[in-house]
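Descriptive analysis of the structure
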Amino acid sequence: MSDTLFKFGNCSFANKIKADTYNITPNARQDLDSYRDADGILHRNALSHTASIIEFDTIPMWSTEFSSLMSSLTSNYINTSERDANCTYFDVENGTSKSGHFYLDSNFKASIKQVWGGLILYDACHFKFVEY
């Protein structure tokens with residue numbers, strides 16, 4: 001099921017998403033120049049383009065598996081500076097698979113959980129992808 005939850009380009013997160021950590025803000029509405037008047041009434045100018053946000057944690061991985069995942073992820077960048085790709089994801093609001101242009105949040109970080117006999121075990125990593 002995790003393969004259908006999110007793919008960054010053709011980088012599959014199948015069997016890498018930690019159970020119960022997949023969170024999506026589907027089709028987040030955007031406003032332009034919305035304001036509250038003197039009576040406190042909100043005047044919205046909701047835009048037609050929506051932007052989903054997808055977050056999840058990975059399972060802990062040994063260095064070979066983690067390096068393979070990261071290599072697959074980075075090979076899908078359209079623009080390396082922006083860390084972006086065309087992605088597919090499961091949209092819980094509509095109950096369908098959708099496509100969108102997403103970037104990897106700039107606050108991504110990885111942590112080493114353990115070093116054992118020259119092997120590195122990476123802790124669960126938190127990924128956040130934001131749609132343009």
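Residues numbered from 1 in each chain as written. Predicted model: local features only at pLDDT ≥ 70, side-chain atom pairs only at ≥ 80, totals over all residues. Heavy atoms only, no water.

Some words on the overall build of the protein
Regarding its fold elements, the protein presents 2 helices and 12 strands. Secondary structure elements of the protein, listed N to C terminal, follow the sequence α-β-β-β-β-β-β-β-α-β-β-β-β-β. Against the globule reference of 14 Å for 132 residues, the protein gives a C-alpha radius of gyration of 18 Å, more extended than a compact globule. Taking the principal axes of its C-alpha atoms as reference, the protein extends roughly 65 × 30 × 30 Å. Per-residue burial over the protein gives 33% buried out of 132 residues. Within the protein, contacts between residues at least 6 apart in sequence are counted, and of these 63% link residues at least 24 apart. (Helix = DSSP H or I, 4+ residues; strand = E, 2+ residues; numbered from the N terminus. Rg over C-alpha atoms; globule rule 2.2 N^0.38 Å. Buried < 20%, exposed > 50% of the residue type's maximum accessible area, 1.4 Å probe, protein only. Contact = heavy atoms within 4.5 Å.)

With respect to a nonpolar patch on the surface
On the surface, W62, W116 and L119 cluster together into a nonpolar patch covering about 350 Å² of accessible area. Positionally, W62 belongs in strand β7 (residues 61-62). (Patch = residues over 30% accessible without salt bridge, like charges linked within 9 Å, V, L, I, M, F, W, Y side chains within 5 Å. Areas by Shrake-Rupley, 256 points an atom, 1.4 Å probe, with all protein chains shown as cover. Salt bridge = Lys/Arg side-chain N within 4 Å of Asp/Glu carboxyl O.)

A look at the pattern of salt bridges
Pairs may arise between side chains of opposite charge once their charged atoms sit close together. One pass over the structure, following the stated rule, counts 4 salt bridges. Here D31 makes a salt bridge to R44, at a shortest N to O gap of 2.9 Å. In this pair, D31 sits in the loop between β3 (23-28) and β4 (35-36) while R44 sits in the loop between β5 (42-43) and β6 (51-57), placing the two residues 13 residues apart along the sequence. The exposure class of D31 is partly exposed, given its relative accessible area of 37%. Note on R44: relative accessible area 49%, which makes it partly exposed. D91 is the partner of K98 in a salt bridge, and the nearest nitrogen-oxygen pair spans 3.4 Å.

Details of the sheet that holds strand β1 (residues 6-8)
If you walk across this open sheet you meet the 7 strands as β2-β1-β8-β9-β12-β6-β3, and the pairing is antiparallel. Where the open sheet ends on each side, the last strands, each with one partner, are β2 (11-12) and β3. Of the pairings in the sheet, the one linking β6 to strand β12 (residues 126-131) comprises 5 bridges and is antiparallel in character. Counterpart to I54 in the pairing with β12 is F129. (Pairing = 2+ DSSP bridges.)

Brief notes about the sheet that holds strand β11 (residues 119-122)
Sheet strands line up and pair through hydrogen bonds in the backbone, either parallel or antiparallel. As summarised here, the arrangement of the 3 strands in space is β7-β11-β10, forming an open sheet in which the pairing is antiparallel. The open sheet terminates on both sides in strands that have one partner only, identified here as β7 and β10 (112-116). As defined by bridge partners, β10 adjoins β11 across 4 bridges and the pair is classed as antiparallel. Residue pairing in the sheet places I112 in a bridge with Y122 of β11.

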